[in-house]
Amino acid sequence: MEKFFRYRLDHVLFWIATISFHAYNRSYIIYKLSFGDFVGELLVRNILLAGVIYGNLWVLIPRFFNNKRYGLYFLTLSIVVLGYVVLKNLHDMYLYGYVLGDIERRSLLTNAFYNVSIAVFYAIFSMAIWLSREWFYQREIVQKIKNEQLATELQYLKSQINPHIVFNTLNLIYGSIHKTNPEARQLVLQFSDLLRYQLYECNVEKVSIEKEIDYLKNYVILQRLRKNDNLNVHFTPNENISGITVAPLLFSPFVENAFKYVSNHENKPNYIDIQLFRNENFLIFKCENSKNQHPSNPIYGPGGIGIANVRRRLELLYPQHHTLKISEENEMFSVELSIVL
């Protein structure tokens, strides 16, 4: 079916059947007039029909029907059908009324009902073609998403470790660290909280924004302990976002990359600025970091897996309800993600 639609075989078969049937019904023109008049009848009728069909498929459906402007769609389709009827009636009046001498068909309205029914039938048929293609592609997308979900779940099960062993080990390490080393003890606590969130609280479709903020705060604290004092980190979630739910771990890849690629200037400040706030019906996440002018690795280059995964998750979780802007300058990199609430 994919090759059938890709190579437009549905259109090819449709036109072969339509032209063949019409040629059979109008074959008497060859004997009464000439082969040229017969071909002219086929061309006029089918070119006008093609105008109705492809005007509907390529213009009216994408511009009006897909955008739910149904009134305007049916109005313009009616105009297209009327145009077909007028032009075909004029041709019928000339060919059958005057050339073939049928006096009853010398009126513009004689064949109007037949031509209206033909135009409406083919307009409906073109819509059926479009719906069949849309149904096929939507089914392919759904199947692809299911396959990806199964593959992700399988990969997760393959890579899953026993969390009890990990937490018991962390407790052992925490107890083994002397109390005079509070920084190391704090490091273990922060890592334990991060791991607990990922293992136990992210197996749902959405989580509260407060949990995401706590996770990001713990991650920032953990990473801050690794960096020197010449790094300024600001994380300012706004109070007006309380009560919002989002997909888990949606913002963390951007924060991880900010810490990974932040600059290491010795004679000027290095910074990471993270913001999370609500603007009307949008949840806005911004992450900006200083960077070296010529980093050894591009932050979000063509081969970057992290950004590709984030883009794919956003496409699946918030289709047509998000905007992701990534900008890079000589010494600054920024990400802005807007999600429709």
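Only a predicted model underlies this, so the values are computations on that prediction, with no experimental measurement involved.

The rules behind these values
- Residues numbered from 1 in each chain as written.
- Predicted model: local features only at pLDDT ≥ 70, side-chain atom pairs only at ≥ 80, totals over all residues.
- Heavy atoms only, no water.
- Helix = DSSP H or I, 4+ residues; strand = E, 2+ residues; numbered from the N terminus.
- Buried < 20%, exposed > 50% of the residue type's maximum accessible area, 1.4 Å probe, protein only.
- pLDDT = per-residue confidence, 0-100.
- Contact = heavy atoms within 4.5 Å.
- Pairing = 2+ DSSP bridges.
- Axes fitted to C-alpha atoms, helices over the stretch in contact; angles between N-to-C directions.
- Phe/Tyr/Trp six-rings, centres within 6.5 Å; stacked < 30°, edge-to-face > 60°.
- Expected span 1.5 Å × (residues − 1).
- Core = buried A, V, L, I, M, F, W, Y, C linked by side-chain atoms within 4.5 Å.
- Left-handed = near helix turned anticlockwise from the far one by under 90°.
- UniProt positions renumbered as here; feature names shortened; annotations may be inferred.

### Observations concerning unusual backbone geometry
Of note in the backbone geometry, K68 takes a positive phi value of approximately 60° without being a glycine. Position of K68 relative to the elements: it lies in the loop between α4 (35-65) and α5 (70-99). Its relative accessible area of 64% is what places K68 among the exposed residues. Of note in this structure, L249 is not a glycine but carries a positive phi near 55°.

### Some thoughts on the confidence of the model for the protein
Predicted confidence across the protein gives a mean pLDDT of 80, with 88% of residues reaching 70 or more. Taken together, the stretch residues 299-304 has pLDDT below 50 and engages in 11 contacts with residues farther than four places along the chain or on a different chain.

### Description of the sheet that holds strand β4 (residues 270-279)
Spatial ordering of the open sheet is given by β2-β4-β5-β7-β6, a layout of five strands whose pairing is mixed. Of all the strands in the sheet, just β2 (231-237) and β6 (322-328) have a single pairing partner and so form its edges. If you compare each strand with its neighbour and ignore which way they point, the axes differ by 5° on average. Sheet topology note: the β2/β4 ladder contains seven bridges and is parallel. Of the residues in β4, the one forming a bridge with H234 is D273. Strands in contact with helix α10 (residues 252-261) are β2, β4, β5 (282-290), β6 and β7 (332-340); relative to β5, the strand with the most contacts, it is inclined by about 10°.

### A word on the packing of aromatic side chains
All told, the structure shown has 12 aromatic pairs when counted by the stated rule. Geometrically, the ring pair formed by Y54 and W58 is tilted, given 4.7 Å between the ring centres and 35° between the ring planes. Here the residue Y54 and the residue W58 both occupy positions in helix α4, the gap between them amounting to four residues, near one helical turn. The exposure class assigned to W58 is exposed, which follows from its relative accessible area of 61%.

### A short note on the side chain of S126
As for its placement among the helices and strands, S126 is situated in helix α6 (residues 112-159). Excluding its chain neighbours within four sequence positions, the residues that come into contact with S126 are I53, N56 and L57.

### Quick look at helix α9 (residues 209-226)
The end-to-end C-alpha distance of α9 is 26 Å, a good match for the 26 Å that 18 residues give at a rise of 1.5 Å each. Within α9 the residues assigned to the buried category are I209, E212, I213, Y215, L216, N218, Y219, V220, L222 and Q223.

### A few points about the nonpolar core
Ranked by internal contacts, the top residues of the largest apolar core, which has 39 residues, are I209, F251, F285 and L337. Of all the elements in the fold, those that place two or more residues in this core are α8 (182-201), α9, β2, α10, β4, β5, α11 (305-317) and β7. Residue contributions to this core peak at seven residues, all from α9. Setting aside residues up to four positions removed in sequence, F285 forms contacts with F251, F254, V255, I274, Q275, L276, V335, E336 and L337. Core analysis: the next-biggest nonpolar cluster, separate from the first, contains 22 residues, Y54, I118, Y122 and W130 among them.

### A few points about the packing of α8 against α9
Where α8 meets α9, the axes come as close as 9 Å, and the angle between the chain directions of the two elements is 145°. Remark: the crossing between α8 and α9 carries left-handed chirality. On the side of α8, the interface is formed by E183, Q186, L187, Q190, F191, D193, L194, Y197, Q198 and E201, while α9 contributes K211, E212, Y215, N218, Y219, I221, L222 and L225.

### Here's the deal with the environment of V39
With respect to the helices and strands, V39 occurs in helix α4. Sequence-wise, V39 and R26 are 13 residues apart; in three dimensions their C-alpha atoms are separated by 9.7 Å.

### Re the UniProt feature "transmembrane region" (unreviewed entry) in the protein
The residues that UniProt annotates with the feature "transmembrane region" (unreviewed entry) are residues 43-61, 70-87 and 112-131. Between the C-alpha atoms that bound residues 43-61 the distance is 25 Å, and the span itself is 100% helix and 0% strand. Helix makes up 100% of residues 112-131 and strand 0%, with an end-to-end C-alpha separation of 28 Å.

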